[in-house]
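Descriptive analysis of the structure
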Amino acid sequence: MTNEVDSALDGTGAPTPAPRKNDPETLARQIVEKLTYSVGKTPAEARRYDWLEATTLVIRDRIIDQWMESSQRAKTSGEKRVCYLSMEFLIGRLLRDAINNLNLTEPIREALSRYGVDLDLVELLEPDAALGNGGLGRLAACFMESMASTDIPGFGYGIRYVHGFFRQEIADGAQVELPETWLAHGNPWEFERRELAYEIGFGGKVTTIQEPGRPARQVWRPAERVLAVAYDTPIVGWRGRRVNTLRLWSAQPLDPILLDAFNSGDHIGALVESNKAEAITRILYPADSHQAGQELRLRQEYFFSSASLQDIIRRHLHANENLSNLADKFSIQLNDTHPAVSVAELMRLLIDVHGHEWAEAWEITRNTFSYTNHTLLPEALEHWPIHLFERLLPRQMQIIYAINAGVIREAAQEKGFDDSKIAAISLIDEGNGRRVRMGQLAFVGSHAVNGVSALHTELMKETVFHHLHLLYPDRIENKTNGVTPRRWLMQANPGLTDLVTDAIGPAFLDDIEKIADLDPLADDAAFRERFAAVKRRNKEQLANLIGERMATQVDPGAIFDIQVKRIHEYKRQFLNIIEAIALYDQIRSHPERDWTPRVKIFAGKAAPSYAQAKQIIHLANDVARTINSDPAVRDLLKVVFIPNYNVSLAEIIMPAADLSEQISTAGLEASGTGNMKFAMNGALTIGTLDGANVEMLEHVGEDNIFIFGLTAEEVAQRRREAHSGRSIIAELPLLREALDAISSGVFSPEDPARYHDLVSNLYNNDWWMTCADFQAYWDTQRRLDALWQDQDEWQAKAVHNTARMGWFSSDRSIREYARDIWKAGPDA
Ligand code: GLG
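Residues numbered from 1 in each chain as written. Predicted model: local features only at pLDDT ≥ 70, side-chain atom pairs only at ≥ 80, totals over all residues. Heavy atoms only, no water.

With that out of the way, let us pick up the overall build of the protein chain. Helices and strands together make up the secondary structure of the protein chain, namely 34 helices and 24 strands. Principal-axis analysis of the C-alpha atoms gives the protein chain an extent of 95 × 70 × 60 Å. Across the 828 residues in the protein chain, those meeting the buried criterion constitute 60%. A separation of at least 24 residues holds for 76% of the contacts in the protein chain among residues at least 6 apart in sequence. A total of about 31,600 Å² of accessible surface is found on the protein chain, and carbon and sulfur atoms cover 50% of it. Between the averaged position of the 89 positive side-chain charges in the protein chain and that of its 116 negative side-chain charges there is a distance of 3 Å. (Helix = DSSP H or I, 4+ residues; strand = E, 2+ residues; numbered from the N terminus. Buried < 20%, exposed > 50% of the residue type's maximum accessible area, 1.4 Å probe, protein only. Contact = heavy atoms within 4.5 Å. Areas by Shrake-Rupley, 256 points an atom, 1.4 Å probe, with all protein chains shown as cover. Lys, Arg positive; Asp, Glu negative; His and termini not counted. Charge placed at Lys NZ, Arg CZ, Asp CG, Glu CD.)

The next subject is the site of the ligand. Taken together, the neighbourhood of the ligand is formed by 13 residues, with L136, H374, N481, E669 and G672 sitting nearest. Between an oxygen atom of the ligand and a main-chain N or O atom of L136, the distance comes to 3.0 Å. The separation between an oxygen atom of the ligand and a polar main-chain atom of A670 is 3.4 Å. Coverage of the ligand by the protein amounts to 95% of the 340 Å² it exposes when considered alone. When the residues that make up the shell around the ligand are grouped by side-chain class, the tally is five nonpolar, six polar and two charged. Split by domain, the residues of the shell around the ligand number at least three in each of domain 2 (78–93 + 128–480 + 815–822) and domain 3 (485–808). (Near = heavy atom within 4 Å. Polar contact = N/O pair within 3.5 Å; in protein donor to acceptor, adjacent residues only side chain to side chain. Nonpolar A, V, L, I, M, F, W, Y, C, P; charged D, E, K, R; others polar. Domains from an automatic or database assignment.)

It is worth spelling out a nonpolar patch on the surface at this point. Together, I257, L259, F262 and L271 make up an exposed nonpolar region whose accessible area comes to about 310 Å². Relative to the elements of secondary structure, F262 occurs in helix α7 (residues 259–263). On the basis of relative accessibility, which here comes to 33%, the residue F262 falls in the partly exposed class. (Patch = residues over 30% accessible without salt bridge, like charges linked within 9 Å, V, L, I, M, F, W, Y side chains within 5 Å. Salt bridge = Lys/Arg side-chain N within 4 Å of Asp/Glu carboxyl O.)

One pass over the structure, following the stated rule, counts 19 aromatic pairs. Ring centres of Y84 and F143 lie 5.9 Å apart, and the angle between their planes is 75 degrees; on these two criteria the pair is classed as edge-to-face. Pair noted here: Y84 is in strand β1 (residues 81–85) and F143 is in helix α6 (residues 135–149), with a separation of 59 residues, a long-range link. Across the pair, exposure class does not vary: Y84 and F143 are buried alike. One aromatic cluster in this structure is built from Y84, F143, Y817 and W822. Between the NZ or CZ atom of R315 and the centre of the ring of F155, over which it lies, the distance is 3.7 Å. Its guanidinium or amino end placed over the ring of F165, K605 lies 4.6 Å from that ring's centre, counting from NZ or CZ. (Phe/Tyr/Trp six-rings, centres within 6.5 Å; stacked < 30°, edge-to-face > 60°. Lys NZ or Arg CZ within 6 Å of the ring centre and 35° of its normal.)

Now for the sheet that holds strand β15 (residues 428–429). Overall, antiparallel pairing links the three strands, which are arranged β14-β16-β15 in an open sheet. Lying at the two open borders of the sheet, with one neighbouring strand each, are β14 (383–385) and β15. Summarising the sheet, β14 and strand β16 (residues 435–437) pair through three bridges and their orientation is antiparallel. Directly across from H383, in β16, lies its bridge partner R437. (Pairing = 2+ DSSP bridges.)

All of the buried residues in helix α30 (residues 733–743) are L734, L735, A738, L739, A741 and I742. Mapping the buried residues of α30 onto a view down its axis gives an arc of 155 degrees, with all of them on the same face. At the C-terminal side of α30, G745 shows a positive phi close to 90 degrees. (Arc of directions from axis to C-beta.)

Here we have nine strands laid out as an open sheet, ordered β7-β10-β11-β4-β1-β12-β13-β17-β18, and mixed in their pairing. Two strands close off the open sheet at either side, each with one partner strand: β7 (191–202) and β18 (476–478). Going from strand to strand, the sheet's axes swing by 25 degrees on average, the running direction of each strand aside. Note: strand β13 (residues 369–372) against strand β17 (residues 448–451), three bridges, orientation parallel. Residue pairing across strands places S370 opposite A448, the latter belonging to β17. On top of the sheet, helix α2 (residues 48–77) reaches β1, β7, β10 (224–236) and β11 (243–253); it is set at about 95 degrees to β11, its chief contact. Contacts between helix α12 (residues 358–368) and the sheet are confined to β12 (330–335) and β13, with β13 contributing the most and set at about 45 degrees to the helix. (Axes fitted to C-alpha atoms, helices over the stretch in contact; angles between N-to-C directions.)

Grouped together as the largest cluster of nonpolar side chains are 174 residues, with contacts concentrated most on I59, F303, F389, I403, L542 and I642. Apart from residues lying up to four places away in sequence, F303 is in contact with I200, F202, V226, L227, A228, W249, S250, A251, I280 and T281. Counting residues in each nonpolar core, the second largest holds 79 residues, with I567, I578, C771 and L784 among its members. (Core = buried A, V, L, I, M, F, W, Y, C linked by side-chain atoms within 4.5 Å.)

Turning next to the pairing of strand β20 (residues 598–603). Counting buried positions over the six residues of β20 gives six, a clear majority of the element. Burial of the side chains of β20 extends over both faces: R598, K600 and F602 are buried on one face and V599, I601 and A603 on the other. Note that strand β19 (residues 559–564) and β20 share six bridges and pair parallel. Opposite Q563, over in β20, you have F602 as the bridge partner. Following the backbone out of β19, through helix α23 (residues 573–589) and into the adjacent parallel β20, one traces a crossover that is right-handed. Direction of pairing for β20 relative to strand β21 (residues 637–641): parallel, over a ladder of five bridges. By the bridge assignment, R598 is partnered in β21 with L637. In this view, the connection linking β20 to its parallel neighbour β21 by way of helix α24 (residues 611–628) has right-handed handedness. (Right-handed = clockwise from strand over helix to strand, strands pointing away.)

We now examine the domain arrangement of the protein chain. Assigned domains of the protein chain: these are domain 1 (1–77 + 104–127), domain 2 (78–93 + 128–480 + 815–822) and domain 3 (485–808). A separation of 34 Å is found between the C-alpha centroids of domain 1 and domain 2. Listed as interface residues are 18 residues of domain 1 and, on the opposing side, 25 residues of domain 2. Our enumeration of links across domain 1 and domain 2 arrives at one salt bridge. With a shortest N-O distance of 3.7 Å, D151 and R73 are connected by a salt bridge. Where domain 1 touches domain 2, the interface holds twelve residue pairs in polar contact (both at pLDDT 80 or more).

The next point concerns the packing of helix α1 (residues 24–39) against α2. At a closest axis distance of 8 Å, the pairing of α1 and α2 adopts a crossing angle of 115 degrees. One finds that α1 runs roughly perpendicular with respect to α2. Pair α1 / α2 crosses with right-handed handedness. For the pair α1 and α2, contact is made by L27, Q30, I31, K34, L35, S38 and V39 and by D50, W51, E53, A54, T55, L57, V58, D61 and R62, respectively. (Parallel < 35°, antiparallel > 145°, perpendicular 65-115°, else oblique. Left-handed = near helix turned anticlockwise from the far one by under 90°.)

Mapped onto the secondary structure, W488 falls in helix α19 (residues 485–491). On a C-alpha basis, the gap between W488 and N681 in space is 8.1 Å, while along the polypeptide they are 193 residues apart. In this structure, W488 is in contact with R138, C142, V483, V647, A650, E651, M654, K677 and N681, ignoring residues within four places of it in sequence.

Here it is as structure tokens:
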């Protein structure tokens with residue numbers, strides 16, 4: 001890319017910056033300039049982190065030119081803008097992403113090498129921005145990148161947490177949580193926007209004002225107020241074509257210190273208000289697929305929703321007379337129910353602040369919002385006790401009651417819903433001590449509601465939103481997730497990217513579905529060999545990391561069998577560990593057989609309060625310790641748990657997998673996105689018919705994916721019947737012996753009863769179908785062992801996976817959202 005675009009600034013006649021040159025010579029000079037004048041070091045004195053800062057600043061300048069151009073274009077063209085409201089953006093490191101998308105990787109590498117500096121080592125020092133928990137937050141990050149790459153004027157709105165997702169250490173096999181401090185040394189990617197600060201209220205009272213000859217008005221006088229201050233991060237699209245904004249809100253007190261209190265000697269009391277305000281954006285809640293029901297969480301949700309809506313309204317009124325046409329100019333996507341209070345807040349702003357009538361406000365609201373559901377797990381569906389909601393957000397509560405009354409009227413009058421159906425759609429759950437149901441609120445306040453895979457969307461219609469679907473049958477649609485091929489293929493796997501470019505030319509870089517041209521090369525022995533060689537190098541890199549971090553030697557010649565994701569019972573890491581134990585047993589009992597060597601790799605974090613998940617981490621580590629030190633298994637089986645899984649680690653792991661474990665209990669994983677990253681990088685999948693695995697099967701073909709186990713329907717059926725694991729365990733000696741070994745303390749001799757409950761739970765209640773699916777899983781693993789012996793076959797299937805996964809790009813997802821839901825973007 002040339003980057004030689006004139007930055008049309010703001011039309012004030014200010015001079016435009018000169019076009020920037022991108023040759024290594026110029027870049028090297030500019031990096032040294034930044035090092036001198038911004039960092040204050042000479043090249044001789046500079047440490048690696050100084051080079052990081054100088055390089056980042058040079059790249060940042062180039063981005064800013066494009067950023068201003070993109071924002072100006074969106075403003076003046078009046079095109080519809082898309083706002084993605086998300087409590088989480090798991091963006092990871094940004095430097096490599098920016099360099100790659102500006103096509104500057106080689107010139108920057110060369111520029112730095114002139115000073116003996118290695119770009120790869122410099123990049124490693126950038127903190128990994130972990131403002132998210134897992135799939136949901138990472139999806140938001142992929143979507144931001146894809147919106148910029150597909151030329152959609154997208155705007156991310158979220159929270160600038162001071163502490164992101166905790167750092168995980170493993171001590172004596174158990175998870176330990178440590179604070180994460182990504183902002184400790186400043187953040188060159190963000191720009192504070194002091195002029196963009198909004199007041200956010202909490203608590204207080206609502207009074208009715210009745211002026212003669214006018215309709216009654218409600219006025220909310222909050223008891224507490226804090227400021228939301230904007231911090232903007234540029235998000236660069238592919239080839240730098242468009243740069244969009246991620247705007248994160250930070251909470252600040254209106255008065256930093258209460259001087260009266262301070263002067264009267266109450267030094268701590270003087271800071272109470274300020275601490276309370278700042279607490280709102282201090283830390284990310286670490287619960288994934290689980291409702292975190294504390295008051296602070298509701299404060300966070302309302303805080304960022306209100307700030308974002310006030311900002312959107314300001315932006316709209318900049319170019320429009322009033323808010324009547326808001327929905328023509330802005331689409332707001334609610335990422336899960338975390339921002340669902342926005343529905344009530346927008347109504348409040350429209351009616352109380354901007355004087356719209358209820359009916360018109362409701363029309364605008366519904367036309368503006370759309371909502372994505374990410375899970376059906378009952379424990380993850382957000383609902384807030386009425387008393388808490390009312391105390392914190394009294395006016396929004398009134399509005400929710402009024403919305404509810406309208407919906408119920410419609411259901412009763414137009415659809416003849418009876419009481420039980422009304423109870424199911426009501427925004428108020430009368431059963432559990434009266435609660436506000438955020439899913440229902442998001443649903444009724446949106447014109448489109450989507451699931452994240454075909455199966456999940458169908459299950460949404462049948463389960464959580466069954467009755468709302470009957471009431472509004474056109475509202476639910478599917479938008480299968482995707483992942484950005486820039487980060488997850490090009491940056492994470494440069495070896496494969498070069499190989500593919502060499503084989504089919506560079507067109508797939510701009511249109512990833514063209515990677516399908518690779519498909520016939522699966523039959524070409526020479527190509528397969530090169531493909532396998534790339535994989536081998538990636539595996540060596542991961543093996544080195546494991547050797548360095550954990551002092552465990554693993555053989556890159558073995559199958560790298562990998563399960564990395566949040567630790568959750570439904571994701572069934574436990575099933576994978578049991579299989580490892582059964583295999584260990586078999587290798588010891590039958591050393592004479594021709595075993596296929598395997599390295600089982602795990603990584604992932606457990607929510608700090610999720611006891612079962614923490615036990616599973618402990619077990620994985622205990623099993624690893626025992627197996628890895630047993631000379632009887634030689635190099636045939638190794639088990640590794642890599643601590644502190646995050647985006648950067650994933651970028652090393654995904655390209656190094658031979659086998660991807662996607663083994664959730666069918667019907668419970670909404671989509672998955674790790675499954676896509678692995679397959680794109682040529683891993684074969686062993687998985688259940690769950691989430692997006694179902695669509696991956698359709699795309700890669702049944703010969704190239706290894707599906708086993710109960711279907712979602714069978715799981716639901718079994719759950720309705722008795723579901724003890726006892727009878728299954730009695731019939732399967734492999735399973736029984738593995739469980740006996742766990743519960744008798746073979747892996748935890750220092751504390752033999754450690755896993756007693758974990759195992760006895762399985763006997764009593766096989767809720768996650770671990771026992772029910774065990775045999776099918778075992779058999780499928782043994783088929784894979786056999787397949788590994790035929791490397792031609794294995795590698796051909798791996799090539800088919802890479803070639804056929806283009807559809808799972810988040811560019812495709814985003815184009816579908818733009819076309820069907822937002823009606824925005826270049827094709828609108
Ligand atoms: C959810 C689901 C995943 C899904 C992701 C993104 O559990 O299956 O892929 O959102 O839609 N809580 C999540 O991470």
